[in-house]
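# A structural walkthrough
These are the residues of each chain, in order.
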Amino acid sequence: MISPFQALACPLDGGPLLPGSTAWRCAAGHSFDLASQGYINLLPVQQKRSRDPGDSKEMVTARRRYLESGVYRPIADAVNRAVLADLPAGRPTACLDAGCGEGYYLRELAAAADAGGANLAVLGLDISKWAVQAAAKRDKRVAWVVGSNANLPVLAGTVDRLLCLFGFPVYGEFARVLRAGGELLQVDAGPDHLRELREIIYPTLKAPRPPETQAPDGFRLHAVESVRAAIRLDSAAQIADLLTMTPHLYRATAEGRARAAALESLDLTVDVSLTRFVRNA
């Protein structure tokens, strides 16, 4: 069963937020309206670094099309297996996707949880209003929030599984909201991830960074899994969506973008690492 995560915190004073029919409020009187699409904006203007932070509407739309084609399902399957292993008994498992984008991985997780009979209380959070809007339109069972990993609007010690998938980890905040024994599941690009595309759009490739083997403060390393797959993009539109949804679009040279735009198909390597950290007591 999938239900919305409820242990939200006021982003202004950290106190518990209580849900109402049209808004969530804290004891100090701060109020946050429930948007018509079903999400809550818990990113105060003083916590923004730009007027419209995060992914643009164009990036969100491109990512939705790309991910829904199924090419990254091997990643989603690996995440689902890790999240749903050894769940705590007797209560719903609280799961936060910190940087949920348009919600693809949470929707895949919800489907796997339903198929396996797992009971999850789920929160998707992203700094992009456009991403959260798109996610909230697709699945009403999940709590969707506009917010920042730097100041998670979540009560301390209330999360069992925290996902950071190709995102921006803020380990101090992650440690604060996770229960003792809870898990952080982090997905990062490996050295060969999308190598074929990068060889087309960049003059040279940077040397890969050595893998991180030391657990961040407050955590211990539990497991590291490599996920590799061969995929094929079979249209110029799909290649364009991949470029649009990633920082590669802005980092590539004009000549590199032109070479990519001329392609009608592309064989690619998916190479990511799934690292599981356990929150210390």
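For the structure itself, consult the block above.
Let me begin by describing the structure that accompanies this report.

Cut-off values and rules
Residues numbered from 1 in each chain as written. Predicted model: local features only at pLDDT ≥ 70, side-chain atom pairs only at ≥ 80, totals over all residues. Heavy atoms only, no water. Helix = DSSP H or I, 4+ residues; strand = E, 2+ residues; numbered from the N terminus. Rg over C-alpha atoms; globule rule 2.2 N^0.38 Å. Buried < 20%, exposed > 50% of the residue type's maximum accessible area, 1.4 Å probe, protein only. Contact = heavy atoms within 4.5 Å. Polar contact = N/O pair within 3.5 Å; in protein donor to acceptor, adjacent residues only side chain to side chain. Pairing = 2+ DSSP bridges. Disulfide = S-S within 2.5 Å.

Bringing the overall build of the protein into the picture now. Each helix and strand in the protein was counted, giving nine helices and twelve strands. The C-alpha atoms of the protein give a radius of gyration of 19 Å, which matches the 19 Å a tight globule of 281 residues would have. Taking the principal axes of its C-alpha atoms as reference, the protein extends roughly 55 × 40 × 35 Å. Counting all 281 residues of the protein, 48% fall into the buried class. If you take every contact in the protein between residues at least 6 apart in sequence, the share linking residues at least 24 apart comes to 72%.

What follows covers the side chain of glutamate 173. For glutamate 173, the location among the structural elements is in helix H5 (residues 171–177). By relative accessible area, which is 13% here, glutamate 173 ends up buried. At a separation of 2.8 Å, a polar atom in the side chain of glutamate 173 contacts the side chain of arginine 176. Ignoring any residue separated from it by four or fewer positions in sequence, one finds glutamate 173 in contact with Asn149, Ala150, Asn151 and Leu152.

Here we come to helix H4 (residues 129–138). Where H4 is concerned, the buried positions are Ala131, Val132, Gln133, Ala135 and Ala136. Tucked inside the fold, the buried residues of H4 contact helix H1 (57–68), strand E7 (120–126) and strand E8 (143–146).

Attention now goes to the sheet that holds strand E2 (residues 18–19). As a general point, the strands of a sheet are linked pairwise by backbone hydrogen bonds and lie either parallel or antiparallel. In spatial order, the strands read E2-E3-E4; together these three strands make up an open sheet with antiparallel pairing. Only two strands of the sheet have a single neighbouring strand rather than two, namely E2 and strand E4 (31–33).

For the rest of this paragraph, the subject is the state of the cysteines. Disulfide: a covalent bond connecting the sulfur atoms of a pair of cysteines. Scanning the model with the defined rule gives zero disulfides in all. Left unpaired, cysteine 100 is separated from the closest cysteine sulfur, that of cysteine 95, by 11 Å.

For the rest of this paragraph, the subject is the pairing of E8. Side chains of E8 alternate between two faces, with Ala143 and Val145 and Trp144 and Val146 buried alike. Bridging between strand E5 (residues 40–41) and E8 involves two bridges; their strand directions are parallel. When the sheet's bridge partners are listed, isoleucine 40 is paired in E8 with valine 145. The sheet contact formed by E7 and E8 spans four bridges and is parallel. Bridge pairing in E8 places aspartate 126 opposite valine 146.

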